[in-house]
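What follows is each chain in one-letter form.
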Amino acid sequence: AAARRPGRGRARRRATPRRAPRRMCWYNGISQVHGALSDVEARANATLAAAAVASRWASRVGPGDVTLCASSTYGGVKSVLRHYCERLGGGRLVEVQLGGVEAHLDSAAVVAAYAAAAQKHRARFAVVDHVVRQPSALLPVREVAAACRAAGVEEVMVDGAHSAGNVPGLRVEEQLLGCGGEVDCRGDYWFSNLHKWACAPRGCAFVHVARDGGAHA
């Protein structure tokens with residue numbers, strides 16, 4: 001038994017330095033995009049952050065209720081939405097067809113496509129990518145959120161998996177989760193990875209919930 005103790009001690013000493021940088025990177029990453037932690041919850045990755053929101057939606061989705069996402073939404077997020085909103089909630093997942101690279105770069109076309117889909121299907125929930133994984137494009141999430149709200153969408157989730165550390169001057173609370181104008185362009189949820197462009201270790205991600213929305217409850 002005495003011969004095994006040094007091994008266990010070395011394992012503990014090796015594990016301790018790995019945990020501390022991850023925690024420090026998580027807090028430092030959050031501070032890059034938001035000044036406070038009161039509305040933020042840690043997750044291991046962006047897909048699990050999306051699952052946390054989708055599980056909440058599943059409890060509210062009824063038969064035939066539609067959740068929107070884009071044709072270019074990350075496959076893992078689509079799988080999460082299908083599981084919670086279709087299999088568990090009994091609703092439908094509808095993909096907004098955004099086309100190729102040029103279509104993704106046409107902000108007006110992206111907004112119009114979401115608005116048309118939301119009106120046609122009377123969608124209750126919507127997911128919009130902040131930075132699309134493929135093709136690489138920055139989408140007009142505020143304008144999309146406003147169009148979805150105008151069409152009756154109840155809550156909007158922004159997939160910002162590639163945003164933290166990648167979008168210059170990003171401030172989530174002011175830019176994406178609050179508006180202050182007559183048109184409600186607020187997203188209710190925004191999540192991101194920190195192990196991509198914020199250079200943190202794997203296992204660092206978070207979901208941000210709008211403070212003034214019903215989602216915060």
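Values in this document were obtained by computation on a predicted structure and should not be read as measured data.

**Details of the overall build of the protein**
Within the protein, the regular secondary structure consists of 7 helices and 9 strands. Sorting the 217 residues of the protein into buried and exposed places 48% on the buried side. Restricting the contact set of the protein to residue pairs at least 6 apart, pairs at least 24 apart contribute 74%. Total accessible area on the protein stands at roughly 10600 Å², and carbon and sulfur atoms take up 52% of it.

**Details of the confidence of the model for the protein**
This prediction gives the protein a mean pLDDT of 78; 71% of its residues lie at or above 70. In this model, residues 1-22 is a region of pLDDT below 50 whose contacts with residues beyond four sequence positions or in other chains number 4 contacts. Every residue in residues 179-184 is under pLDDT 50, and counting partners more than four places away or in other chains gives 6 contacts.

**What to know about the pairing of strand β8 (residues 189-193)**
The buried fraction of β8 amounts to 5 of the 5 residues, a majority that puts the element mostly inside the structure. With burial as the criterion, each face of β8 is covered, one bearing Tyr189, Phe191 and Asn193 and the other bearing Trp190 and Ser192. Two strands pair when backbone bridges link them, and β8 and strand β9 (residues 205-209) are joined in this way by 5 bridges, in the antiparallel orientation. What sits directly across from asparagine 193, in β9, is alanine 205.

**Concerning the packing of aromatic side chains**
Scanning all chains against the criterion turns up 3 aromatic pairs. Residues tryptophan 57 and phenylalanine 125 carry aromatic rings whose centres are separated by 4.7 Å and whose planes lie at 15 degrees to one another, so their mutual orientation is stacked. Separated by 68 residues along the polypeptide, tryptophan 57 in helix α2 (residues 46-58) and phenylalanine 125 in strand β4 (residues 125-129) bring together distant segments of the chain. Taking 5.6 Å as the distance between ring centres and 45 degrees as the angle between the ring planes, the aromatic pair formed by tryptophan 190 and phenylalanine 206 counts as tilted.

Rules of the game
Residues numbered from 1 in each chain as written. Predicted model: local features only at pLDDT ≥ 70, side-chain atom pairs only at ≥ 80, totals over all residues. Heavy atoms only, no water. Helix = DSSP H or I, 4+ residues; strand = E, 2+ residues; numbered from the N terminus. Buried < 20%, exposed > 50% of the residue type's maximum accessible area, 1.4 Å probe, protein only. Contact = heavy atoms within 4.5 Å. Areas by Shrake-Rupley, 256 points an atom, 1.4 Å probe, with all protein chains shown as cover. pLDDT = per-residue confidence, 0-100. Pairing = 2+ DSSP bridges. Phe/Tyr/Trp six-rings, centres within 6.5 Å; stacked < 30°, edge-to-face > 60°.

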